Amino acid sequence: MGEEVGFLGLGIMGKAMSMNLIRHGFKCDELVEHGASVAETPAAVVKKCKYTIAMLSDPSAAHSVVFDKDGVLEQMCSGKGYVDMSTVDSDTSSKISEAITSKGGCFLEAPVSGSKKPAEDGQLVILAAGEKKLYEEALPAFDVMGKKSLFLGQVGNGAKMKLVVNMIMGSMLNAFSEGLILADKSGLNTQTLLDVLDLGGIANPMFKMKGPTMIQKSYSPAFPLKHQQKDMRLALALGDENAVSMPVAAAANEAFKKARSMGLGDLDFSAVYEAVKFPQNSS
Ligand SMILES: NC(=O)C1=CN([C@@H]2O[C@H](COP(=O)(O)OP(=O)(O)OC[C@H]3O[C@@H](n4cnc5c(N)ncnc54)[C@H](OP(=O)(O)O)[C@@H]3O)[C@@H](O)[C@H]2O)C=CC1
Ligand SMILES: O=CCCC(=O)O
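As the structure is a computational prediction, the values presented were derived from the model and not from experiment. (Residues numbered from 1 in each chain as written. Chains lettered and ligands numbered in written order. Predicted model: local features only at pLDDT ≥ 70, side-chain atom pairs only at ≥ 80, totals over all residues. Heavy atoms only, no water.)

Q: Which residues make up the UniProt feature "domain: 3-hydroxyisobutyrate dehydrogenase-like NAD-binding" (unreviewed entry) in the chain, and what values do they have?
A: Within this structure's numbering, the places UniProt gives as "domain: 3-hydroxyisobutyrate dehydrogenase-like NAD-binding" (unreviewed entry) are residues 156-275. Regarding residues 156-275, the helix share stands at 72% and the strand share at 0%, and the terminal C-alpha atoms are separated by 32 Å. (UniProt positions renumbered as here; feature names shortened; annotations may be inferred. Helix = DSSP H or I, 4+ residues; strand = E, 2+ residues; numbered from the N terminus.)

Right under this line is the structure:
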C-alpha cells in the first residue's frame, strides 16, 4: 500500500487508526466522515484512491457505504482494493466481497482486536481474510496500525474470529460485573477484589483497566456498549448457524440489551455493570 489510501468512518477507532497512518507518512487525502457536513462521497474516495479502508459501526453501515447511491461500488474497478476493518458478520463481509470482486476490485476483511488506546498506539491485532495479494499490499499499513497481523484464509474467517473473541470478552465482563457486585454486597472491598484478581491466574488487561473505572461509575466510551451488544448478537447468530449452545453468552447478551434499554448504549461497554447491578438496586 503506497500513498493513496482513503479512509471511510472516522469514529473512535477510525480516527485513531487514520491518524496513525498519516503520522507514518501515508497520505489519507480523503478522511471522509459520513454526514451532511462532508461534501465528498465514498464513491469519490474510491475514485481518487487505489486503496480504501473502512471502519464503520455495524453490518448495516458497512453494507450501505458499499451498495448505496454514491457508494464504494460505483467507482470500484480493476486495480483498486477495499479493506473493511469494521466488525461485521461473515455474510455481510461475503456479500461485500462478491460485489467488489464482481467489479474487478480486490477485497480484504480485517477486523481488529484492541480498543481506542491500542488504536492510538498502533497496537491493534488485525484479523485479516480474503485476497492474499491485497493482504500483502496492506501489510505496511497494518504494521502502522497494529502490533500483529494474521491472515486467516477465506473471507468470513476474520469476521468469525473477531466475533468469537468479542463473545468471550462480553461474557467475561458480565461475570466480572457480578463478582464486583457480590463482593460489595457481601461486605468486601471491591478494590481489594481487583488486587486479588490481578495476582492470580485470571488476571487480564481488561479487568485491570476497566475495574477501577467501573468502581468509580466512569464510562467514557472506548468501546461503545451498543457495538458490544451488536457483537454478542452476531456471535449468537453464528452459534445458531453452527448449533452451538451458548447459554453464558446469551445471558450476557441480555444484560447488554438491558443496558441499551437503560440508555447506556453510547457509553463504554463496561457500563453493563449498571445493568447487572440494577435488580439488586431495585430489590
Ligand atoms: N471502539 C472499539 O474499541 C472497537 C470497535 N471495533 C469495531 O469497529 C467499528 C467502529 O467502531 P467505533 O469507531 O468504536 O464506532 P463509532 O460509533 O465511534 O464510529 C462508527 C463510524 O461509522 C460511521 N457510520 C455509522 N453508520 C454509517 C452509515 N450508515 N454510513 C456511513 N457511515 C456510518 C460513523 O459515522 P457518523 O459518526 O457520521 O455517524 C462513524 O464514523 C465497529 O464495527 C466496532 O464494533 C473494533 C474494535 C474495537
Ligand atoms: O471490538 C472491540 C474490542 C475491544 C477490545 O479488544 O478491547
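Q: Tell me what's going on with the site of ligand 2, and back it up with residues and numbers.
A: Ligand 2 sits among Ser113, Gly114, Ser115, Lys162, Asn166, Met169 and Phe223. Note that an oxygen atom of ligand 2 is positioned 2.9 Å from one of the backbone N or O atoms of Gly114. For ligand 2, an oxygen atom lies 2.8 Å from a polar atom in the side chain of Asn166. When residues of the shell around ligand 2 are assigned to their parent elements, the largest contribution, 3 residues, is made by helix α7 (residues 157-185). (Near = heavy atom within 4 Å. Polar contact = N/O pair within 3.5 Å; in protein donor to acceptor, adjacent residues only side chain to side chain.)

Q: Quick rundown of the pairing of strand β4 (residues 81-84)? Include the residues and the values.
A: Side chains Gly81 and Val83 project from β4 onto one buried face, and the interleaved Tyr82 and Asp84 project onto a second face that is buried too. In this fold, strand β3 (residues 51-54) hands off to helix α3 (residues 59-67), which returns the chain to β4; that crossover is right-handed. Sheet topology places β4 next to strand β5 (residues 106-109); 4 bridges connect them, and they run parallel. Within β5, the residue paired with Gly81 across the bridge is Cys106. The parallel pair β4 and β5 is bridged by helix α4 (residues 90-102), and the resulting crossover is right-handed. (Buried < 20%, exposed > 50% of the residue type's maximum accessible area, 1.4 Å probe, protein only. Right-handed = clockwise from strand over helix to strand, strands pointing away. Pairing = 2+ DSSP bridges.)

Q: Before we move on, could you go through a nonpolar patch on the surface and cite the residues and values that matter?
A: Where nonpolar side chains cluster on the molecular surface, the patch consists of Val164, Ile168 and Met172 and spans about 220 Å² of accessible area. Looking at where Met172 falls in the secondary structure, it is placed in helix α7. On the basis of relative accessibility, which here comes to 31%, the residue Met172 falls in the partly exposed class. (Patch = residues over 30% accessible without salt bridge, like charges linked within 9 Å, V, L, I, M, F, W, Y side chains within 5 Å. Areas by Shrake-Rupley, 256 points an atom, 1.4 Å probe, with all protein chains shown as cover. Salt bridge = Lys/Arg side-chain N within 4 Å of Asp/Glu carboxyl O.)

Q: How would you explain the nonpolar core if you had to name every residue and give the values?
A: Core analysis: the biggest nonpolar cluster contains 31 residues, and Leu173, Phe176, Met214, Leu225, Phe256, Phe269 and Val272 have the highest contact counts within it. Put simply, the parts of the chain that give this core at least two residues each are α7, α8 (190-199), α9 (205-215), α10 (225-241), α11 (247-261) and α12 (272-282). With 6 residues, α7 is the largest single contributor of residues to this core. For Phe256, the residues in contact, after removing those within four places along its chain, are Gly170, Leu173, Asn174, Leu225, Gln228, Gln229, Met232, Phe269 and Val272. (Core = buried A, V, L, I, M, F, W, Y, C linked by side-chain atoms within 4.5 Å. Contact = heavy atoms within 4.5 Å.)

Q: Hey, could you go over the domain arrangement of the chain for me, with residue numbers and the actual values?
A: Taken domain by domain, the chain holds domain 1 (5-154) and domain 2 (159-282). One C-alpha centre belongs to domain 1, the other to domain 2, and the line joining them spans 28 Å. Each partner contributes to the interface: domain 1 provides 16 residues, whereas domain 2 provides 14 residues. Interface area for domain 1 against domain 2, summed over the two sides, is near 1,300 Å², with a carbon-plus-sulfur share of 66%. Ranking the residues of domain 1 by area buried against domain 2 places Ile12, Thr87 and Ser90 at the top, with a combined share of 31%. On inspection of domain 1 and its partner domain 2, the count reaches 0 salt bridges. Across the contact surface, domain 1 and domain 2 share 4 residue pairs in polar contact (both at pLDDT 80 or more). Along the lines of polarity and charge, the residues of the side of domain 1 that touches domain 2 split into 7 nonpolar, 5 polar and 4 charged. (Domains from an automatic or database assignment. Buried area = accessible area lost by both parts, 1.4 Å probe. Nonpolar A, V, L, I, M, F, W, Y, C, P; charged D, E, K, R; others polar.)

Q: Tell me about α9, residues and numbers included.
A: Inspection of α9 places Met206, Phe207, Lys210, Gly211 and Met214 among the buried residues, and these make up the whole buried set. One face of α9 carries all of its buried residues, which in axial projection span an arc of 120°. For α9, the exposed residues lying more than 90 degrees away from the buried face are Pro205, Lys208 and Met209. Of the residues that open α9, the one with a side-chain oxygen 2.9 Å from the backbone nitrogen of Met206 is Asn204. Phi turns positive one or two residues past the end of α9, at Lys217, with a value near 55°. (Arc of directions from axis to C-beta.)

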